[in-house]
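Structural overview for review
In case you want the letters, here they are:
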Amino acid sequence: MTFWVLLAVNSITFGGLLFLLSAGFSLIFGLMRIPNLTHGSLFMLGAYVGATIIVSVLNTSIDFWLAAILAALTVAIFGALMERLLLRRLPGEPLAQVLVTLGISFMVADFCLMVWGGDPISVATPSSLAGFVRYGIAVFPLYRLAIIVIAAVVAIALWILLERTRLGAMIRAGVDDPDMARVVGIRVSQIFTIVFALGAALAGFAGIIGAPILSVYPGLDQDMLPLALVVVILGGTGSLLGSFVGSLIVGFLYNFGQALLPELAYFILFLPMVLVLVLRPQGLFGRQLP
Amino acid sequence: MSALTVSGLRKSFGGLHVTKNVDLNVEAGERRLIIGPNGAGKTTLFNQITGDLTPDSGSIRLFGRDITHLPARRRPHLGMARTYQIITLFARDTIIHNVMLALLGLSKSRWNPLIDMSRQPHLVEEARQAIESVGLGHIAERPLAQTSYGERRRVEIAMALAQKPKVLLLDEPFAGLSIDERRDVQKLLLTIPRDVTMVMIEHNMDVALDFADRITLLHFGEVIVEGTRSEVVADPRTREVYLGH
Amino acid sequence: MTRNLIGLGALAIVFLVLVTLPLWLTQIYYVNVASQILFYAIFAFGVNLLLGYAGLVSLGHAGLFGIASYATAYLLAAGWGHPLSIIAALVVGMLSTAVFAALSLRTTGIGFIMITLALGEIIWGLAYRWISVTNGDNGINVHTRPMPFGLSLASPEAFYYLTFVVFVICTILVTIFVRSPFGAALRGTRDQPRRMTALGYHVWMIRFWACMFSGLLTCIAGILFVYYNQFISPQTLALTSSAEVVLMVISGGPATLLGPVVGSALVVIVKSVVSGYIARWNFLLGAIFVAIVILMPEGLVPGTVRLWNLGWRKTTRSRRQKGVLETGGPPA
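Each value, and the rule that gives it
Residues numbered from 1 in each chain as written. Chains lettered and ligands numbered in written order. Predicted model: local features only at pLDDT ≥ 70, side-chain atom pairs only at ≥ 80, totals over all residues. Heavy atoms only, no water. pLDDT = per-residue confidence, 0-100. Helix = DSSP H or I, 4+ residues; strand = E, 2+ residues; numbered from the N terminus. Contact = heavy atoms within 4.5 Å. Pairing = 2+ DSSP bridges. Axes fitted to C-alpha atoms, helices over the stretch in contact; angles between N-to-C directions. Buried area = accessible area lost by both parts, 1.4 Å probe. Salt bridge = Lys/Arg side-chain N within 4 Å of Asp/Glu carboxyl O. Polar contact = N/O pair within 3.5 Å; in protein donor to acceptor, adjacent residues only side chain to side chain. Buried < 20%, exposed > 50% of the residue type's maximum accessible area, 1.4 Å probe, protein only. Nonpolar A, V, L, I, M, F, W, Y, C, P; charged D, E, K, R; others polar.

Some remarks on the confidence of the model for chain C
Residue and element names in this part refer to chain C. Per-residue pLDDT for chain C averages 88, and the proportion of residues at 70 or more is 91%. Element-level mean pLDDT values for chain C span from 50 in helix H17 (residues 324-327) up to 97 in helix H11 (residues 203-229). Low pLDDT (under 50) marks residues 326-332, which in the prediction has 25 contacts with non-local residues, meaning those over four places away or in another chain. Scored as a whole, the predicted complex attains pTM 0.89, and scored at its interfaces, ipTM 0.91.

Comments concerning the sheet that holds strand E7 (residues 167-171) of chain B
Residues and elements named next belong to chain B. In space, the six strands of this open sheet follow the order E6-E7-E8-E3-E9-E10, with mixed pairing throughout. On the outer flanks of this sheet lie strand E6 (80-83) and strand E10 (222-228), each paired with one strand and no other. Between one strand axis and the next, the sheet turns through 15° on average, direction left out of account. Relative to strand E8 (residues 197-201), strand E3 (residues 31-35) runs parallel, the two being bridged by four bridges. Of the residues in E8, the one forming a bridge with Arg 31 is Met 198.

Structural notes on the interface of chain C and chain B
With 30 residues of chain C at the interface, the matching set in chain B holds 31 residues. By the criterion of area lost to chain B, the three top residues of chain C are Pro181(C), Arg195(C) and Leu199(C), representing 27% of everything that side buries. On inspection of chain C and its partner chain B, the count reaches one salt bridge. For the salt bridge of Arg195(C) with Glu156(B), the shortest nitrogen-to-oxygen distance reads 2.7 Å. For the pair chain C and chain B, the interface holds eleven residue pairs in polar contact (both at pLDDT 80 or more).

Observations regarding the pattern of salt bridges
Residues and elements named next belong to chain B. Scanning the model with the defined rule gives 17 salt bridges over all chains in all. With its nearest N and O atoms 2.5 Å apart, the salt bridge here joins Arg 153 to Glu 156. Of this pair, Arg 153 and Glu 156 both sit in helix H4 (residues 149-162), three residues apart, roughly one helical turn. Of the residues examined, Arg 153 reaches a relative accessible area of 0% and is grouped as buried. Where Arg 237 meets Asp 235, a salt bridge forms, and the shortest distance between an N and an O atom there is 3.2 Å. Among the residues examined, Asp 235 registers a relative accessible area of 15% and is labelled buried.

Points about the environment of Val155(B)
Residues and elements named next belong to chain B. With respect to the element layout, Val 155 can be found in helix H4. With 25 residues separating them along the chain, Val 155 and Ala 130 place their C-alpha atoms 8.9 Å apart. For Val 155, the residues in contact, after removing those within four places along its chain, are Leu 89, Ile 95, Asn 98, Leu 136 and Leu 144.

Digging into the interface of chain C and chain A
Residue-level contacts link 45 residues of chain C with 45 residues of chain A. Approximately 4,000 Å² of surface area, both sides summed, lies buried where chain C meets chain A, with 76% of it carried by carbon and sulfur atoms. Broken down residue by residue, the surface that chain C buries against chain A is led by Ile110(C), Met114(C) and Arg129(C), which jointly contribute 18%. The tally of links from chain C across to chain A stands at one salt bridge. Put simply, Arg280(C) and Asp110(A) hold a salt bridge, and the shortest N to O gap is 3.1 Å. Our count for the chain C to chain A interface comes out at three residue pairs in polar contact (both at pLDDT 80 or more). When contributions to the side of chain C that touches chain A are tallied by element, the ones reaching two or more residues are helix H6 (109-129), helix H7 (131-134), helix H12 (239-252), helix H14 (281-295) and H17 of chain C. At 15 residues, H6(C) tops the list of elements feeding residues into the side of chain C that touches chain A. Tallied by class, residues from the side of chain C that touches chain A come to 30 nonpolar, eight polar and seven charged.

Set out below in C-alpha cells:
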C-alpha cells in the first residue's frame, strides 16, 4: 500500500516538474506555432548552470534558490537571444524554425559536454528541505512535496499572468490569431521574444530544481524533450490547463510504467500521444495543430 | 436533361448558417451565373458542389447521379472541373507541365512510377493542343512563375478544359485581371462549346451578364431571385439586395 | 545539347572515380568512410523522397532504419541465414513503414514532424527496453557477412563494392521515379494538395506509396549498415540519428538527386574524419545545420550553383522571397 502511495506522490512530483518544463513549451507552441526542439536542452542547461552556481558558493540553503533563479535568468537570456538572432530571421516558416531549434539543441548539448564533461553531476537537496514528512506509516521526502507546491505556485502565477494582466491578454491574442493581434496594434514579434524567454526561464528553472532528484548528465535533454512533447500533445498547445493535466497524466504514466512494465515503459508513454495525434490532433484541451 | 441539381442544401459553421436550403437546377449546356454580394455564400456553395465541403443536409446530383457524399477527388472523374478565385497553380513548373498534370489526373498513368513523363508523345501533344486553344501556344515551355496573372488564368482554364469536363465551375474567373485580360478570358469562355455546362460565380457585372443564360441571385445563403437575365435584372428584389432598400 | 553532354561527362567521371576508389584510396579507414557515405546516401534518398518531393519532414526515419537493422541482426542470431534474414528484414521493415505511414499521414506540416518524432521515440524506446528481444543497450552482434555468388565481403574493399552496386541501383530507381508521372504527382501534392484533389488525384494514397518507397530505401540502407557495422544498438535509432539524416537532406539540397549524396558526404566526413581533429564535431554539425537552414535553405547543391551565378549580395535578397523550405526548394 505504501508503495503505491509513494509511487503516486513521486508521480505528482514528476508531474510538477513536467509542468514547469511543458508550460513554456506549450506557450511557445501555441504562440509561435512551432515545437521548440531546444526545450530539453534549455532544461539541461539550467540544471548545469544552476549546479555550477551552487557548488561555487559554500552555503547551500539560501543559495540553492538564488542559484535556481540565476540559472533561470541565464537560460531566459539565452532563449531571448536565440529567438531574436535566429528564429526571427525565418518569419512565417515554421518548418525552418523547427529545424533551427533542432540544430541549436545539438550545439547546446555538445557545449554542455565540453564545459561540464561526461560524468553525471549530483546536486544536493537544499538543507532546509532535506527532511521527511510522516503520514501514518508513509514517509515522504520533503523536497518532493516542495516541488509540488512550487509547481502549483508557478501554475497560479502563470494563470494570473495570462488571465489578469495586459501582457497576458496580448499573449492570448497572439495565440488565438497573430494576424488579427498585429492589426489591433499588438507588437507580436516582441511578444514572441518575451514568451520564448519566459518558456526558456521556466525550463531552466525546472532543470535546476529537478536536479536533486534527476541529477544532471549528458542526455538529460534527450530524456526530457519527448516528455514535454507528450504533455503538450495530450494537453493541447497554448493551453495552461492542458499542460497541467497533461503533466500529471504523463507523470503517472511514466512512474507507474517504469515500476510495473519496465520493458514497455516508453510504449505506454507514447501510445496515448500517438492515439491523440491520430484521433484528436488538437489535444484534449487545445486548438488545432498548425 | 439536368446537368447539375442541388436540392435543399444546408450548411452551417457553428451558429452561422452559410447555406440555407438552396435549390438549384442547371440544364445541360446552360450558362448559369451566380451573383450576390460579399458573404452571400457563393464560394461555399461551390465548395459543397465540388466536395471540398460536406453539406449538413440536402443533395447534389450530377447528371442524375447522387454525388453528395462522393469524395472530392472522384468528382473530376465524373466530368466536373473547377477553377478557383485565387489562382493556385504549380508555380515551379512550366505551363506545359501544369497542363500535363491536369491530363494525368484522370489517367491511370498517374500511378506509374516507371515511365518517363517527358517522353509520352501523346500526353505532350494533347497538352500542347489545350494550351493552343487558350492562345498560349507560343509560351508553352515558359515557367509559370514568369507568366502574367491573365496568362495564368488562361492556363487554369486550359487545365480544366483538358480534362474534357461535362460541367465547368468557374469561381470569379475575372478577379484580378486587367481590362484587356478580362476581354481575352471572356472571348475564350464564349468559344467553349455547349457540350460543356458552365456555372460561374462573378461580381463583375459587365463581363458576366453577356455570358449568362440564367442568373441565380444568392444573399445570406439563400436563393432570392432566379430567372433569365432580363427577369433578374428587372426584379425589384435584385436592387434591394444590392442597394439595401 | 552541350549542357547534357557536360552533365553526362561529369557523371561518367564521378562513376569512374567511385568504381576505382579502393585502388587509389589506399587507407582502409577511408574506404570505410566511402562505404558509409554511400549507404547513408541511400538513407538520405529515402528521407528526401518525403522531405524534398512530398514536402513531409520526418524526424522518425531512424526508427525504420533501425527496425531493418535489428530484424536482420536478430534473425541472423536466430540462425536464419543471410538470404532469408535480409528478405524477412525487408518485409518487417515495409510492414512497419505501412503502419508508420498510416499513423503519420493523418496530418501534414508540423503535425507530421511531431507524429514521426513520437513514433521514432516509441521504436527507440522498444529497442532500449525490450531487452528480451533487442538485448537493450548491449545490442546485437552480426558475426558474418553474406557471400553473394561465393564472394567474400569480409574485407572493406569488397564491402565497398557491394555498397557501390546497391547505391547505383538505388540511384537509378530514384531517378526513374522522379521523372515518372507518379513522381510528378507527388511533387504536385507537395505544392498544391488542394488543386491536386480537384484534378482527380488521391493525395493521401500518393503520399502513402511515397512513404513505402521511402521505407524501402531506408530499410535497404539499414541492412547495409548492420552488415557494415556488424553491430546494432539503440543509439542508431535515437532522435539524433533521425536529425542527422534530415541534416544530410537539407544540407545537400532537398528535391535534388545529387543533394542527398553531397549531404551524406558532409555529415559522414564531419563525424568520421573531422571528429579526429575537432572534438566538438556535434556542435559543428548543429552549427552547419542552423547556418544552412538560415542562409542556404535550398541546400548546398542548388545553393552553390546559385551563388556561383548570382554573387553573394543577391543571396540574402532572394532568401526573403517565399519560404524555400515550405515549398521544398527549387524545381526537381
